Amino acid sequence: MTTESIISIKDVTKRFPVGGGEFTALHKINLEFETGEFSGLIGPSGSGKTTLLNIMGSLDTPTEGQAIVMGKDISKLTHKQSALLRNMHLGFVFQVYNLLPVYTVFENVEFSLLLQNWSAAERKKMVMESLEWVGLQDIADKKPAKLSGGEGQRVAIARAMVKRPEIVLADEPTANLDAANAHTIIQTMKRLSHELKTTFIFSTHDEKVMGYLDRIISLEDGKVKKEQQVEAKFSLS
Amino acid sequence: MIRFLIKGILGDKNRSVLPIIIITIGVSLTILLSGYLRGVMGDMIDQSARFDTGHVKIMSRSYAEDQVQMPNDLALLGVEAIKEQLASDYPDVQWADRIKFGGLIDVPDGKEGSKGQGPAAGLAFDLFSGVSGEDERLNISHSIVKGKLPSQPREALIGNDFADKLNIQMGDEITYMGTTMNGSMTFENFVVSGTIKFGIAAMDKGAIIIDISDARVLLDMHDAVGELLGFFEGGVYDDDKALAIAAEFNQKYAHDKDEYAPQMFALREQNSLGGYLDYVDYFAGLFVGIFVFAMSVVLWNTGLLGGLRRYQEFGIRLALGESRGHIYRTLIYEAIFIGFTGSVAGTIVGLSGTYYLQVYGIDVGDMMQESTMMVPSIMRAKMTPDLLYIGFVPGLFAMVFGNMLSGIGIYKRSTASLFKELEV
């Protein structure tokens, strides 16, 4: 791991039992991610994108090799230590916004902070700041059912960002959005990455997302097929 | 976090309303059935105590062996001395002399003939002294159908059905024929002062009730009784106390070989009432056990369904960094909150229903007309302190237990599939 590496994937192989045999989802992957990177994993279904995202998110462990996230070897963490790593350093954005329907926007964003035992005043300040980042400070009292798709995903980003994580993992975050909302969402994330030095790693098929990425990693059959630094097609508006 | 959980419970009615309704119904039914069972069984035991067994009863050893035959030839002698000693040893117990006797009653027709005759089951209580408490204890005044209580020697109350059968009117004279405790024939005329109906078939068949002083003269039982009944203050039976007093009393006569020596019996040692007492405890325990089991199964199912409905929520919480143990614990906290709310509501409903049944009861008089058991005609529930927790605690535990079982799924969940699951 270099001094700048926030995630280091070394010879990672992941195999799943299937029927009587095994399916190799990842085969000897080597990758480094640096602080503030805005990069994406692309590839067809079954190429290993989500499996790799799972391992980097400490939701799964490699069968072989090492995945070191924030200096911690994922394979050596207990369930509780994995949860703590996710809680303190990782944010997740899902394809579906997955907001908790009985709580308001404010409470959905606040949830991660409750787990970190911030005081009520600090939580309020951080949540409102996070909602301001995504431009939703005026709908903090709304329930998720009253939000549009774009608003729902922006709340999900605020929820991922509220605890100021070093890494955000986003699995197809624009898959359910129209083009305008998709651009808004990605621009928001790009801006936050730039301002807060947060590392964003996407799994995506979306050309619009790819247009904002600084680095694209193509996966095929569980292997890195191509890895390239790119000039972002779209800039922050 | 607690505020967050409570808001989640209140905001998600499927998570709170259904389990609370189930617990409320279960807890209230448990309390109501337990209270009613205790009330009914307690009434039966109380009835037996007042009419027959006392809370404790002293008889001679020989009398006790054959008491169903009312063997007054084996009666307890020297009663005044025994009572003096008892008053000194157990000042909070009230003692009542009782004599049971059998015989024939003849109703003269006024023409030196007989209108009719019938076997009589005689009962003698202290009616004249005014301090025995027997009238209140046996509810005699309120059970009189016609006429009044005997107020002077050689007056008698007779069973109302018996009076109807023999066409006896108030003021008629009847003749009792029987044997004294020494085995001699005895005859005595009594004036019928009233007729009585206790509502207990066993008591009402051929009953003749006279004052204990008349019985002593009639049966030659001076300073003697068939049975000496002891009642605790407040009229409430205390099984432990009764057994302790009986054991202590009998210990004093343990070395006395006289077959007429007094022997004390606690209520549970008579007429198989111990079985009834155990029966009450057994069924109360059974109700609680069935309740906990049934509620746990229902709430387990409810918890499983809730868990499936909240699958996505738990997934998000795991992804956001909440540990499995923490999610599991919050489920238990929720269960405690819901269980507590449902148990409080159920206890209030159950106690209200029990109170209603205690005041108004259920009239089963028509069904018990031919009964030979000492069963009251109105079955009432009984409010007891244990009803406060007999449903409450299981209600709380059932919910917690149900959630504990259904929450095990959280530990079996693979975090590796969260991304896929949360895409749905």
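Bear in mind the structure is a predicted one, so any value in this text is a computation, not a measurement. Numbers given to residues run from 1 along each chain, matching the order in which its sequence is written. Each chain is given a letter, starting from A, and each ligand a number, starting from 1, according to the order in which they appear as written. Confidence filtering applies because this is a predicted model: local features only for residues at pLDDT of at least 70, side-chain atom pairs given and counted only at 80 or more, and all residues used for totals across whole chains, interfaces and linings. Heavy atoms from the whole structure form the basis of all side-chain values; hydrogens and water molecules are not counted.

Enquirer: Account for the sheet that holds strand β9 (residues 215-220) of chain A, naming residues and giving values.
Expert: Residues and elements named next belong to chain A. At least two DSSP bridges between two strands are required for those strands to pair. Numbered from the N terminus, helices here are DSSP runs of H or I no shorter than four residues, and strands are runs of E no shorter than two. Strand order in the open sheet formed by six strands is β6-β7-β8-β3-β9-β10, with mixed pairing between adjacent strands. Two strands bound the open sheet, and with one partner strand each, they are β6 (90-93) and β10 (223-229). Here the average twist between neighbouring strands, direction ignored, is 15°. Axis geometry follows a simple rule: fit a line to the C-alpha atoms, using only the stretch in contact for helices, then measure angles between N-to-C directions, giving values from 0 to 180 degrees.

Enquirer: Tell me about the sheet that holds strand β1 (residues 5-18) of chain A, residues and numbers included.
Expert: Residues and elements named next belong to chain A. Strand order across the open sheet formed by four strands is β2-β1-β4-β5, with antiparallel pairing between neighbours. Edge strands, defined here as strands with exactly one partner in the open sheet, are β2 (21-34) and β5 (72-73). When β1 meets strand β4 (residues 64-69), the two strands line up antiparallel, connected through five bridges. Considered in β4, the bridge of S8 is made with I68.

Enquirer: Any chance you could break down the interface of chain B and chain A for me, citing the residues and the numbers?
Expert: Only heavy atoms matter for contacts: two residues are in contact if any of them lie within 4.5 Å across the pair. Taken residue by residue, the interface counts 29 residues in chain B and 31 residues in chain A. Accessible-area loss on putting two parts together, using a 1.4 Å probe and summing over both, is the definition of buried area adopted here. Approximately 2800 Å² of surface area, both sides summed, lies buried where chain B meets chain A, with 64% of it carried by carbon and sulfur atoms. A carboxyl oxygen of Asp or Glu within 4 Å of a side-chain nitrogen of Lys or Arg is what we treat as a salt bridge. The partner of E107 of chain A in a salt bridge is K7 of chain B, with the nearest N and O atoms 2.6 Å apart. Distance and chemistry together define a polar contact, namely a pair of N or O atoms within 3.5 Å, with one atom able to donate a hydrogen and the other to accept it when in protein, and with adjacent residues in sequence counting only for side-chain atoms on both sides. Taken together, chain B and chain A are joined by six residue pairs in polar contact (both at pLDDT 80 or more).

Enquirer: Quick rundown of a negative patch on the surface? Include the residues and the values.
Expert: Taken together, E65, D66, D73, D256, D258 and E259 of chain B make up a surface patch of like negative charges. In this structure, D66 of chain B sits in the loop between α3 (61-65) and β2 (76-77). Two joining distances apply to patches: 9 Å for like charges and 5 Å for nonpolar side chains (Val, Leu, Ile, Met, Phe, Trp, Tyr), and every residue must have over 30% relative accessible area and no salt bridge. All accessible-area figures derive from a Shrake-Rupley calculation using a 1.4 Å probe, and residue coverage is judged against the displayed protein chains alone. Charge assignment: positive for Lys and Arg, negative for Asp and Glu; neither His nor the chain ends contribute. Charge positions are represented by NZ for Lys, CZ for Arg, CG for Asp and CD for Glu.

Enquirer: Describe the packing of aromatic side chains, naming the residues involved and giving the relevant values.
Expert: Two aromatic rings, drawn from Phe, Tyr or Trp (for Trp, its six-membered ring), form a pair once their centres lie within 6.5 Å of each other, and the interplanar angle then sorts them: stacked below 30 degrees, edge-to-face above 60, tilted otherwise. This structure, assessed with the given rule, holds eleven aromatic pairs over all chains. On the basis of an interplanar angle of 50° and a centroid distance of 5.5 Å, the ring pair of F38 of chain A and F200 of chain A is categorised as tilted. Of this pair, F38 of chain A sits in strand β3 (residues 38-42) while F200 of chain A sits in strand β8 (residues 199-203), and the two are 162 residues apart along the sequence. Only protein chains enter the accessibility calculation, which uses a 1.4 Å probe; a residue whose area is less than 20% of its type maximum is buried, one above 50% is exposed, and one in between is partly exposed. Its relative accessible area of 0% is what places F200 of chain A among the buried residues. Measuring from centroid to centroid gives 4.0 Å for Y103 of chain A and F4 of chain B, while their planes differ by 10°, and the two rings are stacked. With Y103 of chain A in the loop between β6 and α3 (105-115) and F4 of chain B in helix α1 (residues 2-11), this pair bridges two chains. For F4 of chain B, a relative accessible area of 3% gives the class buried. What links up through ring pairs into an aromatic cluster is the set F38, F200 and F202 of chain A. Only lysine NZ and arginine CZ atoms are considered, and such an atom sits over a ring when it is within 6 Å of the ring centre and within 35 degrees of the ring normal. Across the ring face of F33 of chain A, the terminal group of R215 of chain A is positioned such that the distance to the ring centre comes to 4.9 Å. Directly above the aromatic system of F232 of chain B lies the positively charged group of K241 of chain B, at a separation of 4.7 Å from the ring centroid.

Enquirer: Before we move on, can you summarise the packing of helix α12 (residues 311-319) of chain B against helix α13 (residues 324-359) of chain B with the specific residues and values?
Expert: Residues and elements named next belong to chain B. Orientation of α12 relative to α13, taken along the N-to-C sense of each, is 140°, at an axis distance of 10 Å. When the axes of α12 and α13 are compared, the pair comes out oblique. For α12 against α13, the interelement crossing comes out right-handed. Contacts from F314, R317 and L318 of α12 reach α13 at R324, I327, T330 and L331. For the contact of α12 with α13, the class distribution of residues is four nonpolar, one polar and two charged. Put simply, angles under 35 degrees are roughly parallel, angles over 145 are roughly antiparallel, angles from 65 to 115 are roughly perpendicular, and the rest are oblique. By convention, the crossing between two helices is left-handed when the near helix turns anticlockwise from the far helix through less than a right angle, and right-handed when the turn is clockwise. Three classes are used: nonpolar for Ala, Val, Leu, Ile, Met, Phe, Trp, Tyr, Cys and Pro, charged for Asp, Glu, Lys and Arg, and polar for all others, with Gly counted as polar.

Enquirer: An account of the domain arrangement of chain B is needed here, citing residue identities and associated values.
Expert: On domain assignment, one finds that chain B holds domain 1 (2-47 + 275-421) and domain 2 (56-236). For the purposes of this description, domain bounds are those given by an automatic or database domain assignment. Distance between the C-alpha centres of domain 1 of chain B and domain 2 of chain B: 50 Å.

Enquirer: If you had to explain empty space enclosed by the protein to someone new, which residues and values would you point to?
Expert: Residue and element names in this part refer to chain B. Cavity: a set of points on a 1 Å grid over the protein atoms alone where a 1.4 Å probe fits but cannot get out. Pocket: an open set with protein on both sides within 12 Å along at least five of seven lines, its lining residues, like those of a cavity, having an atom within 4 Å of a point. Grid points are joined across faces, edges and corners, and a volume is the space filled by probe spheres set on the points. Inspection of every chain in the model, using the stated rule, returns one cavity of 30 Å³ or more. Roughly 40 Å³ of internal volume is contained in the largest cavity. Lining the largest cavity are F51, D52, R98, I99, K100, L123, A124, F125, E227 and L229. Residue assignment for the lining of the largest cavity shows that the elements contributing at least two residues are α2 (13-53), β3 (93-108), β4 (114-125) and β11 (227-232). A breakdown of the residues in the lining of the largest cavity according to their chemical character gives six nonpolar, no polar and four charged.

Enquirer: Hey, could you go over the nonpolar core for me, with residue numbers and the actual values?
Expert: Residue and element names in this part refer to chain A. The set of buried Ala, Val, Leu, Ile, Met, Phe, Trp, Tyr and Cys residues whose side-chain atoms join them within 4.5 Å is what this entry labels a nonpolar core. The biggest cluster of nonpolar side chains holds 40 residues, and the ones touching the most others in it are F38, L131, I157, M189 and F202. Taken together, the elements giving at least two residues each to this core come down to β3, α3, α4 (120-133), α5 (149-161), β7 (167-171), α6 (179-196), β8 and α7 (207-210). Per element, the largest residue contribution to this core is six residues, and it comes from α5. One finds L31, M56, A67 and L219 within the second-largest nonpolar core, a separate group that totals 28 residues.

Enquirer: Any details on α12 of chain B? Residues and values, ideally.
Expert: Residues and elements named next belong to chain B. By the criterion of burial, α12 is predominantly enclosed, with seven of the nine residues buried. The complete set of buried residues in α12 reads E313, F314, G315, I316, R317, L318 and A319. Count one or two residues on from α12 and you reach G321, which has phi positive near 105°.

Enquirer: Break down the environment of K57 of chain B for me, with residues and values.
Expert: Residues and elements named next belong to chain B. Considering the arrangement of structural elements, one finds K57 in strand β1 (residues 56-60). Judged by relative accessible area, which is 0%, K57 ranks as buried. Along the backbone, K57 and L228 are 171 residues apart, and their C-alpha atoms lie at a distance of 5.6 Å. Not counting the four nearest positions on each side in its chain, K57 is found in contact with D52, Q67, E227, L228, L229, Q263, M264, F265 and Q270. A distance of 3.1 Å separates a polar atom in the side chain of K57 from the backbone oxygen of D52. A polar atom in the side chain of K57 sits 3.4 Å from the side chain of Q270.

Enquirer: Break down the pairing of strand β6 (residues 155-159) of chain B for me, citing the residues and quoting the values.
Expert: Residues and elements named next belong to chain B. Burial of β6 is extensive: five of the five residues sit out of reach of the surface. Where β6 lies against strand β8 (residues 185-196), five bridges are found, and the strand directions are parallel. Looking at the pairing, I158 lines up with T195 of β8. Strand direction decides the pairing type here: β6 and strand β9 (residues 207-211), joined by two bridges, are antiparallel.

Enquirer: Describe the packing of α5 of chain A against α6 of chain A, naming the residues involved and giving the relevant values.
Expert: Residue and element names in this part refer to chain A. Orientation of α5 relative to α6, taken along the N-to-C sense of each, is 15°, at an axis distance of 9 Å. Judged by the inter-axis angle, α5 sits roughly parallel to α6. The two elements α5 and α6 meet at a crossing, and its hand is right-handed. Contacts between α5 and α6 involve G150, Q153, R154, I157 and M161 from the first element and N181, I185, M189, L192 and L196 from the second. Among the residues making up the contact of α5 with α6, the classes are represented as six nonpolar, three polar and one charged.

Enquirer: Go over unusual backbone geometry, please, and point to the residues and values.
Expert: Positive phi, normally seen in glycine, also occurs at S58 of chain A, with a value near 55°. Tracing the backbone through its elements, the reader meets S58 of chain A in the loop between α1 (49-56) and β4. Using a relative accessible area of 4% as the deciding quantity, one classes S58 of chain A as buried. For D220 of chain B, which is not glycine, the phi dihedral falls at a positive 60°. Within the secondary structure, D220 of chain B sits in the loop between α9 (212-219) and β10 (224-225).

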